[in-house]
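So the chains spell out like this:
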Amino acid sequence: MNIKSVLSGYAQIYFSKDWYVGLLFLIATFIIPAQGLAGLMGLLLADFFARMLHLPSELIDEGYFAYNGMLVGLALALTYRVDWA
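Residues numbered from 1 in each chain as written. Predicted model: local features only at pLDDT ≥ 70, side-chain atom pairs only at ≥ 80, totals over all residues. Heavy atoms only, no water.

J.: Looking at this structure, I do not really get the nonpolar core. What am I missing?
T.: In globular proteins that are soluble, nonpolar side chains generally tend to be buried together. Counting residues in each nonpolar core, the largest one holds 10 residues, listed as V6, L7, Y10, F25, L26, L40, L43, A66, M70 and L74. Contributing elements (two or more residues each) for this core: α1 (3-11), α2 (19-29), α3 (33-52) and α5 (66-79). Each residue touching Y10, except ones within four places of it in the same chain, is listed here: G22, F25, L26, T29, G36, G39, L40, L43 and M70. (Core = buried A, V, L, I, M, F, W, Y, C linked by side-chain atoms within 4.5 Å. Buried < 20%, exposed > 50% of the residue type's maximum accessible area, 1.4 Å probe, protein only. Helix = DSSP H or I, 4+ residues; strand = E, 2+ residues; numbered from the N terminus. Contact = heavy atoms within 4.5 Å.)

J.: Mind showing me how you'd approach the pattern of salt bridges here?
T.: Two side chains that carry opposite charge are able to pair once their charged atoms sit near each other. This structure, assessed with the given rule, holds 2 salt bridges. Note that D47 is salt-bridged to R51, the shortest N-O span being 3.8 Å. Linking D47 with R51, this pair stays in helix α3, spanning 4 residues, or about one helical turn. Residue classification places D47 among the buried residues on the basis of a relative accessible area of 2%. On the basis of relative accessible area, R51 is assigned to the partly exposed category, the value being 27%. Each member of the salt-bridge network shares a partner with another, and the members are D47, R51 and D61. (Salt bridge = Lys/Arg side-chain N within 4 Å of Asp/Glu carboxyl O.)

J.: Would you mind going over the packing of α3 against α5 with me for this structure?
T.: Between α3 and α5, whose axes approach to 7 Å, the crossing angle comes to 145°. Note on packing geometry: the crossing formed by α3 with α5 is right-handed. Within the contact between the two elements, α3 uses A34, Q35, A38, G39, G42, L43 and A46 and α5 uses A66, G69, M70, G73, L74, A77 and L78. When grouped by side-chain class, the residues that make up the contact of α3 with α5 number 9 nonpolar, 5 polar and no charged. (Axes fitted to C-alpha atoms, helices over the stretch in contact; angles between N-to-C directions. Left-handed = near helix turned anticlockwise from the far one by under 90°. Nonpolar A, V, L, I, M, F, W, Y, C, P; charged D, E, K, R; others polar.)

J.: Sorry if this is basic, but what is going on with the packing of aromatic side chains here?
T.: Each aromatic ring pair is described using two quantities: the centre-to-centre distance and the angle formed by the ring planes. A full pass over the atoms with the stated rule returns 4 aromatic pairs. A ring pair is formed by W19 and Y20, whose centres lie 6.1 Å apart and whose planes are at 85°; its orientation type is edge-to-face. Look at Y20 and you get partly exposed, because its relative accessible area is 46%. Aromatic rings pair up to connect Y10, Y14 and F25 into one cluster. (Phe/Tyr/Trp six-rings, centres within 6.5 Å; stacked < 30°, edge-to-face > 60°.)

Remember, this is a structural readout, not a statement about activity or role.
Put into structure tokens, the structure is as follows:
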């Protein structure tokens, strides 16, 4: 797993392949830290499972499998209150 695949996953939300678009969206999601962390964890889990299923690595690096997990993570953090309890 590399930073390019993470940033590409964020950039896929805006139908872009540029890493700097992903970086801007990553920073924007961390305005609310709990929501940003949940989105990042969803993206990392989706990326991890794509690698475990031996899906094509070039598609994983371009973020095609990761953005859906990130959207689910963001939606879960928005829907449910995140706290230590």
